Amino acid sequence: MRPSDLDGVMEIEEASFPTPWSRGMFLEDFPRDFSDTLVAAGPEDEVLGYSVCWTIAGESHLLNIAVHPSRRGEGIGRALLSECLRRAARAGSSLIFLEVRAGNEAAQRLYRSMGFTFRGIRKGYYTDTGEDAVIFDREVRESDAAR
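The structure reproduced in this document is the subject of the present report. Since this is a predicted model, take the numbers as computed values, not measurements.

## Observations regarding unusual backbone geometry
- Here Asp45, not a glycine, exhibits a phi torsion of approximately 65 degrees, which is positive.
- Along the chain, the position of Asp45 falls in the loop between strand E1 (35-41) and strand E2 (47-56).
- A residue is classified by how much of its surface remains accessible, and Asp45, at 55% relative accessible area, is exposed.
- The backbone phi angle of Ala57 is positive, close to 50 degrees, even though this residue is not glycine.
- Tracing the sequence through the fold places Ala57 in the loop between E2 and strand E3 (59-67).
- Take Ala57: its relative accessible area is 80%, and that puts it in the exposed class.

## Here's the deal with the packing of helix H3 (residues 76-90) against helix H4 (residues 105-113)
- Taken N-terminus to C-terminus, the directions of H3 and H4 make an angle of 50 degrees; their axes are 11 Å apart at the nearest point. When the axes of H3 and H4 are compared, the pair comes out oblique. As for how H3 packs across H4, the hand of that crossing is right-handed. Across the interface between the two elements, Gly77, Arg78 and Leu81 of H3 pack against Leu110, Tyr111 and Ser113 of H4.

## Notes on the state of the cysteines
- Tallied over the entire structure, the rule returns 0 disulfides.
- Left without a disulfide partner, Cys53 is nearest to the cysteine sulfur of Cys84, which lies 4.6 Å away.

## Topic: the side chain of Asp29
- Within the element layout of this structure, Asp29 appears in helix H2 (residues 23-29).
- By relative accessible area, Asp29 is classed as buried at 2%.

## A look at the pairing of strand E5 (residues 117-126)
- Bridge count between E5 and strand E6 (residues 131-139): 6 bridges; the pairing is antiparallel. Considered in E6, the bridge of Phe118 is made with Phe136.
- Linking E5 back to E6 in an antiparallel pair, the connection comprises 4 residues, with Gly130 at a positive phi of about 80 degrees.

## Focus on the sheet that holds E5
- The sheet built from 6 strands is open, its strands ordered E1-E2-E3-E4-E6-E5 with mixed pairing. A single partner strand is all that each edge strand has here, and the edge strands are E1 and E5. Recorded for the sheet is a direction-independent mean angle of 25 degrees between the axes of neighbouring strands.
- Of the pairings in the sheet, the one linking E3 to strand E4 (residues 95-101) comprises 4 bridges and is parallel in character. Bridge pairing in E4 links His61 to Phe97.
- Contacts between H3 and the sheet are confined to E1, E2, E3, E4 and E6, with E3 contributing the most and set at about 160 degrees to the helix.

Rules and cut-offs
Residues numbered from 1 in each chain as written. Predicted model: local features only at pLDDT ≥ 70, side-chain atom pairs only at ≥ 80, totals over all residues. Heavy atoms only, no water. Helix = DSSP H or I, 4+ residues; strand = E, 2+ residues; numbered from the N terminus. Buried < 20%, exposed > 50% of the residue type's maximum accessible area, 1.4 Å probe, protein only. Axes fitted to C-alpha atoms, helices over the stretch in contact; angles between N-to-C directions. Parallel < 35°, antiparallel > 145°, perpendicular 65-115°, else oblique. Left-handed = near helix turned anticlockwise from the far one by under 90°. Contact = heavy atoms within 4.5 Å. Disulfide = S-S within 2.5 Å. Pairing = 2+ DSSP bridges.

What follows is the structure, given as structure tokens:
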């Protein structure tokens, strides 16, 4: 992800979340050594999706992932998540975890299909709606580095 991608990222972010990240939040991540900010781009460099994953002290956290509403179901989210796993493995991470809105069943299906396991619920985690967060995690394997 580059600053020039942010118009497309923000369009997706605002269409995907009740309380979207600000442009500044994405910009703050660019210089962080522990952060991987990724974009899936189309043939004319249009932003199809993006993700933000941090790896610190041998553990990775998927903070944000979204795909343009018109492009969902095409495998873009799976490709972004695969790249997060690849980078986590190459950075020496042994675990990746995430929180997802309890009502986001499509995302939960994706995470389960990629080997993530339910670990618990954070009650009222999303302060904008009071919705619970479902916690998932997954071991990062050596084979993930070759994805």
